[in-house]
Amino acid sequence: MIDKSVKPLATRRAFGETLAKLGEKYPEIVVLDADLAKSTMSMLFAAKFPNRFFEMGIQEANMIGAGAGLALTGKVPFICSFACFVTGRFDQIRMSVAYTQANVRIIGTHAGVGIGEDGHSQMGLEDIACMRTLPTMAVLQPGDDVETAAMIEELVKYPHPAYIRLTRQNVPRVHKEGTKFAIGKIQPLKPGKDALVLASGGVLGNSLEAAEALQKQGVDVEVANVSSIKPLDTAWLREALKRHKKFITVEDHYVIGGLGGAVAEFLAEEGAGKLLRVGVNDVFGQSGTPEECYEHYQLTPAHLAKKFQAFVRG
Amino acid sequence: MPKPNPQISVSELEKIAKDLRIWSLKMIHAAASGHPGGSLSLAELITAFYFKLLKHDPQKPLWKERDRFVLSKGHGVPALYAAMAMSGYFPEDKLMSLRKLGSPLQGHPDRARLPGIEASTGSLGQGLSIAEGMALGLRLDGIDSMVYCVMGDGEIQEGQVWEAAMSVPMHKLDHVCAIVDWNKGQIDGQVKDVMNIEPIADKWSAFGWNTIGIDGHSFPAIIDAVEKAKANAKRGTGKPTLIVADTLKGKGVKFMEEGKNAWHGSAPNQEQLDKAIAEIQAGGGQ
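Presented here is an overview of the structure given in this document. (Residues numbered from 1 in each chain as written. Chains lettered and ligands numbered in written order. Predicted model: local features only at pLDDT ≥ 70, side-chain atom pairs only at ≥ 80, totals over all residues.)

Here we come to the overall build of chain B. Within chain B one finds 11 helices and 7 strands. For a compact globule of 286 residues, the expected C-alpha radius of gyration is about 19 Å, and chain B comes in at 17 Å, within 12% of that figure. For chain B, the C-alpha atoms occupy an extent of roughly 50 × 45 × 35 Å along the three principal directions. In chain B, which comprises 286 residues, the proportion classed as buried is 53%. Contacts spanning at least 24 positions in sequence make up 77% of the contacts within chain B whose residues lie at least 6 apart. (Helix = DSSP H or I, 4+ residues; strand = E, 2+ residues; numbered from the N terminus. Rg over C-alpha atoms; globule rule 2.2 N^0.38 Å. Buried ≥ 20, exposed ≤ 12 C-beta atoms within 10 Å, placed from the backbone. Contact = placed C-beta atoms within 7 Å.)

Here you go:
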């Protein structure tokens, strides 16, 4: 449930603070950024460990390769940029990171239409879809600051490449402090019998809020956090199929290829369940305040509640 | 089997380069596909590195203190596989499994399948960035190893190469030594007609590199240039080195030299292979 006693925090901020902390404990961590250190929050690490921070300039492709080279000398590199810019250099990630088996941690911030005013060119909307296709690549999206911190530490020891998607905007805390995070596990957050809502990233809080509002109207949906989109927790989903027929995915990403795509693939292969994919449909993003964008793309708690209800009743 | 040896003579290297050429062509023939032109142009360069210049141990491919050798022009890998087998990374009989299903000798280098391959390449333009990261990591650890990166001349048409060309000197990575195999050919024609990259050395000098132009088929010239790059690294000049190796695509086999880009990516048949081997053995490679 949403912890209203704590101020909402952007997951990029939680990432930067965590990395700066972990730098002491893990001397093998190195950080690269492509002229966005102030936005990705890698500047917090840079300020503390200038010798292990590399400014790579506006050269995402070169940064990806250099990150791979560092990984091949035993370092644990976190390479940081906006989600759209870093995953836009898909072939470099495909070859120099994934195929080379260089254990780079790729940080993509400014996920989705939630970034607001900068508009479509800066919005990561297809990054999950791209990264999911790469063998051995983990695709992760924490839902709040607590989970971000746990995830980043877990990743220091992870033996494969990973992509981590973070928000620009503040998001409410939904996990208790100290919650452990495990790659490949779905975390149930609220029980319910009418449908299963699988939410990921910046819209997790809104999904919970929508579910709570519906509760009062007699619609009882279960909500779970899918922060590990790949590997996907299919064992948990298979169990969930025993209690639910209706599945709803919620994400600030294209429904094509994102969490919605991943769950659609799972359900189709199981030959079971009915699915509503909520996210950004097959259209471009645009400028506006983050609130206006969420209203326009129908990701606010009120819009989500309406969609959940219609699907449950339909 | 010849052993890597810093004291090895030029005449011994020349013998090894002949065998490397023959192996490359036999492998490509057996696979019925591959890139003979750009493998043959590399023969002296790769021989010089694997049998004289590189600090490496074929028995310990992951030795931390080794020099790194990144073949960014992944399509030239038959020459690299031959050098690796002949220097002891794996048995020579494995060479004939090139491009066969399940083989560690993939059509382009695969680091995860074959110990000793430093990076998976074959999508052009990416090796120098990886070399940069390796040099950054080695410097952090205080390891005094060189990082070599061999690129094709057509390959440097890729934009990412120029990102790295700008970034390596910026990070003062004097232990990076890049080599351009300037064999003048690419798939669609002559490099100067497809997308001109000249003047190569001037461009890299302007980006802050020491540049050295050599005959890429002359062992004394290759050795001298690489020793200069090492001395530059030892002095800590902060400047990386670029060697422009003037080479001939298909070098050592007359019909391949003359056929130019026809032999970029096609395998010789049995008759052509026999003719090529006879010519190499007779000394056509020198």
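When helices and strands are tallied, chain A shows 13 helices and 14 strands. In terms of C-alpha radius of gyration, chain A reaches 19 Å, essentially the compact-globule figure of 20 Å for 314 residues. Along the first, second and third principal axes, the C-alpha set of chain A runs to 55 × 40 × 40 Å. When the 314 residues of chain A are sorted by exposure, 58% land in the buried category. Sequence separation of 24 or more characterises 81% of the internal contacts of chain A that already satisfy a separation of 6 or more.

This brings us to the sheet that holds strand β9 (residues 187-190) of chain A. All names here are of chain A. Strand order in the open sheet made by the 5 strands is β9-β11-β10-β13-β14, with mixed pairing throughout. Bordering the open sheet on either side are β9 and β14 (274-280), each of which pairs with just one other strand. Going across the sheet, the axis of each strand differs from the next one's by a mean of 25 degrees, ignoring polarity. Across 5 bridges, the pairing between strand β10 (residues 195-199) and strand β11 (residues 221-225) is parallel. (Pairing = 2+ DSSP bridges. Axes fitted to C-alpha atoms, helices over the stretch in contact; angles between N-to-C directions.)

What follows covers the packing of helix α3 (residues 43-53) of chain B against helix α4 (residues 77-87) of chain B. All names here are of chain B. Across the interface, α3 lies against α4 with an axial gap of 10 Å and an inter-helix angle of 30 degrees. When the axis of α3 is compared with that of α4, the two are roughly parallel. As for the relative orientation of α3 and α4, their crossing is right-handed in sense. Together, Ala43, Ile46, Thr47, Tyr50 and Phe51 of α3 and Ala79, Leu80, Ala83 and Ser87 of α4 make up the contact between the two elements. (Parallel < 35°, antiparallel > 145°, perpendicular 65-115°, else oblique. Left-handed = near helix turned anticlockwise from the far one by under 90°.)

What follows deals with the interface of chain A and chain B. Each side of the interface is counted separately: chain A has 23 residues, and chain B has 21 residues. Among the elements of the structure, α4 (60-72) and α6 (90-99) of chain A are those that each provide at least two residues to the side of chain A that touches chain B. By residue number, the principal contributor to the side of chain A that touches chain B is α4 of chain A, which donates 9 residues.

With that settled, consider the pairing of strand β6 (residues 210-215) of chain B. All names here are of chain B. Bridge count between β6 and strand β7 (residues 241-246): 6 bridges; the pairing is parallel. From the neighbouring strand, Gly213 faces β7, where its bridge partner is Val244. Taking the sense of rotation as the criterion, the β-α-β connection linking β6, helix α9 (residues 219-235) and β7 turns out right-handed. (Right-handed = clockwise from strand over helix to strand, strands pointing away.)

Its 13 residues place the ends of helix α13 (residues 301-313) of chain A 18 Å apart at the C-alpha level, agreeing with the 18 Å of an ideal helix rising 1.5 Å per residue. Along its buried surface, α13 of chain A packs onto β10, α9 (204-216), β11, β13 (246-254) and β14 of chain A. (Expected span 1.5 Å × (residues − 1).)

What follows deals with α4 of chain B. Residues and elements named next belong to chain B. For α4, a buried count of 11 out of 11 residues is recorded, marking the element as mostly surrounded by other parts of the structure. What α4 keeps buried is the set Val77, Pro78, Ala79, Leu80, Tyr81, Ala82, Ala83, Met84, Ala85, Met86 and Ser87. On its buried face, α4 sits against α1 (10-31), α2 (36-40), α3 and β1 (68-71).

Let us now look at unusual backbone geometry. For the bond from Lys230 of chain A to Pro231 of chain A, the omega torsion is 0 degrees, close enough to zero to count as cis. Checked against the element boundaries, Pro231 of chain A lands in the loop between β12 (228-230) and α10 (234-243). Pro199 of chain B follows Glu198 of chain B through a cis peptide bond whose omega is 0 degrees. As for its placement among the helices and strands, Pro199 of chain B is situated in the loop between α7 (191-194) and α8 (200-206). A positive phi is found at Met41 of chain A, a non-glycine position, where the angle reads about 75 degrees. You will see that Lys184 of chain B, though not glycine, has its phi angle at about 70 degrees, which is positive. By the element assignment, Lys184 of chain B lies in the loop between β3 (176-182) and β4 (185-186).

Pairing between sheet strands relies on hydrogen bonds along the backbone, with the strands arranged either parallel or antiparallel. Residue and element names in this part refer to chain B. The strand order across the open sheet formed by 5 strands is β1-β2-β3-β7-β6, and the pairing between neighbours is parallel. Strand pairing shows two members of the sheet lacking a second neighbour, β1 and β6, which therefore form its edges. Neighbour-to-neighbour, the strand axes of this sheet turn through a mean angle of 20 degrees, independent of strand direction. Running at roughly 175 degrees to strand β2 (residues 147-152), helix α5 (residues 127-140) makes contact with β1, β2 and β3 of the sheet.

On to the environment of Glu251 of chain A, then. All names here are of chain A. Among the structural elements, Glu251 can be located in strand β13. Sequence-wise, Glu251 and Glu265 are 14 residues apart; in three dimensions their C-alpha atoms are separated by 16 Å. Ignoring any residue separated from it by four or fewer positions in sequence, one finds Glu251 in contact with Ser200, Gly201, Val203, Gly258, Leu259, Gly260 and Gly279.

This part is about the environment of Leu304 of chain A. Residues and elements named next belong to chain A. Positionally, Leu304 belongs in helix α13. Residue class for Leu304 comes out buried when judged on the 26 C-beta atoms lying within 10 Å of it. Along the backbone, Leu304 and Val203 are 101 residues apart, and their C-alpha atoms lie at a distance of 9.7 Å. Apart from residues no more than four positions distant in its own chain, Leu304 is found in contact with Asn206, Ser207, Ala210, Val250, Val278 and Leu299.

Take it as geometry only, folks, not as evidence of what the structure does.
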